[in-house]
Amino acid sequence: MDLTYTQEEQEFRARLREWLAKELPALPPRPSPDDWPARRAYDAGWQRRLFDAGYAGLHWPLDAGGRDATPTQHLIFLEETERAGAPYVGANFVGLLHAGPTIAAEGTAAQRARWLPPVLRGDEMWCQGFSEPDAGSDLASLRTRAVRDGEDYVVTGSKIWTSHAEVADWCELLVRTDPGAPKHRGITWLAMPMDAPGITVRPLRTLAGSAEFAEVFLDEVRVPAANRVGAENDGWRVTMVTLSFERGTAFVGEVVACRRTLALLARTAKENGRWDDPVLRRTLGRLHGELGALWRLTQWNVSESERSGGVPGTGGSIFKLAYSHARQELYDAAAQVLGAGSLALDEEWVLDRLSSLSYTIAAGTSQIQRNIVAERVLGLPKGR
């Protein structure tokens, strides 16, 4: 494996660094974490800057509005923007990392033309309507139903943990269109406009005090059949495409952030005397190795996605499983380095620590990931 950079890639990095150095000081102050309309506007503004500079959807295909960049250029972009402290995708997370790539891979030409440019410009935000109160991570058990009525589907049911529903324009929605089919079948993937009559959004407050999730209640909401991505009752397969992006490439920027956090913890430990603890040094050294390995796995997953036509493979589940636990261990180590008193005074560290607890559940629980790895990577028989 050749991990050196070409002259073209080094020039790309230099141009990006120069652009970031010019643009970041011109950004307005970050809004309050609780002000989601302001956060949406802030994230949309950053996305527009990326779009105007040619960095939006860098790795997306040309016919999807991207630049068809190489996997290495994509990773350079993630490295440099994270190291520079640039805004992340924020409220545009679902559109840029879930729905958009799914539509690029599975949508019709008309659907790609309608939905992808507004996502890349930051004009429209998406939320994810997958999980349900009685199903959780078992998406095949979802009950929200959609009945075909002429040119529309009439949707009734509810969703929970709907990311960014309070500021979204569209929802990537899973519905059951054939209740008589086996549970992994009879599911359809729809793009639902969030301003349609019959939608009620109720924000949910998390342990960290934020409200980026919501319950969504659907009372005979009419969704045009033209908004169906993939064939009717083929939604499970389309959903696996969505989840492969969520688990395979959506977290790559966060690996860079964790490596930066680990370096900060090592410097802090040397300054406050905790570096003398050999157990802590071994912990930080092991995390350094784990995060380095995860970055190499990230490189492999992104390259594999490129070879497979833009859709990540099952390596994403391996990454997601390992990353979720490494992130929790990282913030356990932060508590040791900073001490309980420092954590109580530093709100950012506290929020990051609380957020880390969710990663073994979000985007598919660790139990789900172990099943996928066992069955699809190792070829083991399904459990009974």
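Preceding this section is the structure that the text describes.
In this report, we go over the structure that sits alongside the text.

About the criteria used
Residues numbered from 1 in each chain as written. Predicted model: local features only at pLDDT ≥ 70, side-chain atom pairs only at ≥ 80, totals over all residues. Heavy atoms only, no water. Helix = DSSP H or I, 4+ residues; strand = E, 2+ residues; numbered from the N terminus. Contact = heavy atoms within 4.5 Å. Areas by Shrake-Rupley, 256 points an atom, 1.4 Å probe, with all protein chains shown as cover. Core = buried A, V, L, I, M, F, W, Y, C linked by side-chain atoms within 4.5 Å. Buried < 20%, exposed > 50% of the residue type's maximum accessible area, 1.4 Å probe, protein only. Expected span 1.5 Å × (residues − 1). Bend = angle between axes of the 7 residues up to and from the residue. Polar contact = N/O pair within 3.5 Å; in protein donor to acceptor, adjacent residues only side chain to side chain. Axes fitted to C-alpha atoms, helices over the stretch in contact; angles between N-to-C directions. Parallel < 35°, antiparallel > 145°, perpendicular 65-115°, else oblique. Left-handed = near helix turned anticlockwise from the far one by under 90°. Pairing = 2+ DSSP bridges. Phe/Tyr/Trp six-rings, centres within 6.5 Å; stacked < 30°, edge-to-face > 60°. Nonpolar A, V, L, I, M, F, W, Y, C, P; charged D, E, K, R; others polar.

### Comments concerning the overall build of the chain
- Regarding its fold elements, the chain presents eleven helices and eight strands.
- The contacts of the chain with a sequence gap of at least 6 include a subset with a gap of at least 24, amounting to 73%.
- Surface summary for the chain: the accessible area is close to 18,000 Å², and the carbon and sulfur share equals 53%.

### Quick look at the environment of V241
- Mapped onto the secondary structure, V241 falls in helix α6 (residues 235-248).
- Expressed as a C-alpha distance, the spacing of V241 and T102, which sit 139 residues apart in the sequence, is 6.3 Å.

### Quick notes on the nonpolar core
- By size, the foremost hydrophobic cluster in this structure holds 64 residues, and its most contacted members are W46, Y55, W126 and W189.
- In this structure, A165, I199, V216 and A225 belong to the second largest nonpolar core, which totals 20 residues.

### Digging into unusual backbone geometry
- With a phi angle near 55 degrees, D68 is a residue other than glycine that sits in the positive phi range.
- Within the secondary structure, D68 is located in the loop between α2 (36-53) and α3 (71-83).
- For D68, a relative accessible area of 40% translates into the label partly exposed.
- Even without a glycine there, the phi angle at N233 is positive, about 70 degrees.
- Along the chain, N233 turns up in the loop between β8 (228-229) and α6.

### Overview of the side chain of Q73
- Among the secondary structure elements, Q73 is positioned in helix α3.
- The buried category is assigned to Q73, whose relative accessible area is 13%.
- Not counting residues within four places of it along the chain, the set of residues in contact with Q73 comprises E8, F12 and L58.

### With respect to helix α4 (residues 93-106)
- Given a rise of 1.5 Å per residue, 14 residues ought to cover 20 Å, and the 19 Å separating the end C-alpha atoms of α4 matches this to within 8%.
- Its maximal kink placed at A99, α4 deviates by approximately 40 degrees, while the proline P101 follows within four residues.
- Across the 14 residues of α4, twelve count as buried, placing the element largely inside the fold.
- Residues of α4 that are buried include every one of F93, V94, G95, L96, L97, H98, A99, G100, P101, T102, I103 and A104, and no others.

### Some points on the side chain of E132
- With respect to the element layout, E132 can be found in the loop between β1 (126-129) and β2 (145-149).
- Separated by 2.7 Å, the side chain of E132 and the backbone nitrogen of R143 make a polar contact.

### Quick notes on the packing of α4 against helix α5 (residues 109-121)
- Contact geometry of α4 with α5 gives a least axis separation of 10 Å together with a crossing angle of 155 degrees. As summarised for this structure, α4 and α5 are arranged roughly antiparallel, according to the angle between their axes. Handedness of the crossing formed by α4 with α5: left-handed. Of the residues in α5, those in contact with G95, L96, G100, I103, A104 and A105 of α4 are Q111, R112, W115, L116, V119 and L120.

### A short note on the pairing of β2
- The sheet contact formed by β2 and strand β3 (residues 152-159) spans five bridges and is antiparallel. What sits directly across from R145, in β3, is T156.

### As for the packing of aromatic side chains
- Summed over all chains, the structure comprises eight aromatic pairs.
- Ring centres 6.2 Å apart and planes at 70 degrees place the aromatic pair F12 and Y55 in the edge-to-face group. In this pair, F12 sits in helix α1 (residues 7-23) while Y55 sits in the loop between α2 and α3, placing the two residues 43 residues apart along the sequence.
- Residue classification places F12 among the buried residues on the basis of a relative accessible area of 2%.

### A word on α3
- For α3, spanning 13 residues, the distance from its first C-alpha to its last is 18 Å, which sits close to the expected 18 Å at 1.5 Å a residue.
- With eleven of 13 residues buried, α3 is to be regarded as a mostly interior element.
- Residues P71, Q73, H74, L75, I76, F77, L78, E79, E80, T81 and E82 constitute the buried set of α3.
- Of the residues trailing α3, G85 is marked for its positive phi of about 75 degrees.

### Some remarks on the packing of α1 against α3
- Packing of α1 against α3 leaves a shortest axis separation of 10 Å and a crossing angle of 30 degrees. In terms of axis orientation, α1 runs roughly parallel to α3. Classified by chirality, the crossing of α3 by α1 is right-handed. In this structure, α1 contributes E8, E9, F12, R13, L16, R17 and L20 to the contact, and α3 contributes T72, Q73, I76, F77, E79, E80, T81 and R83.
- The residue makeup of the contact of α1 with α3, split by class, is five nonpolar, three polar and seven charged.

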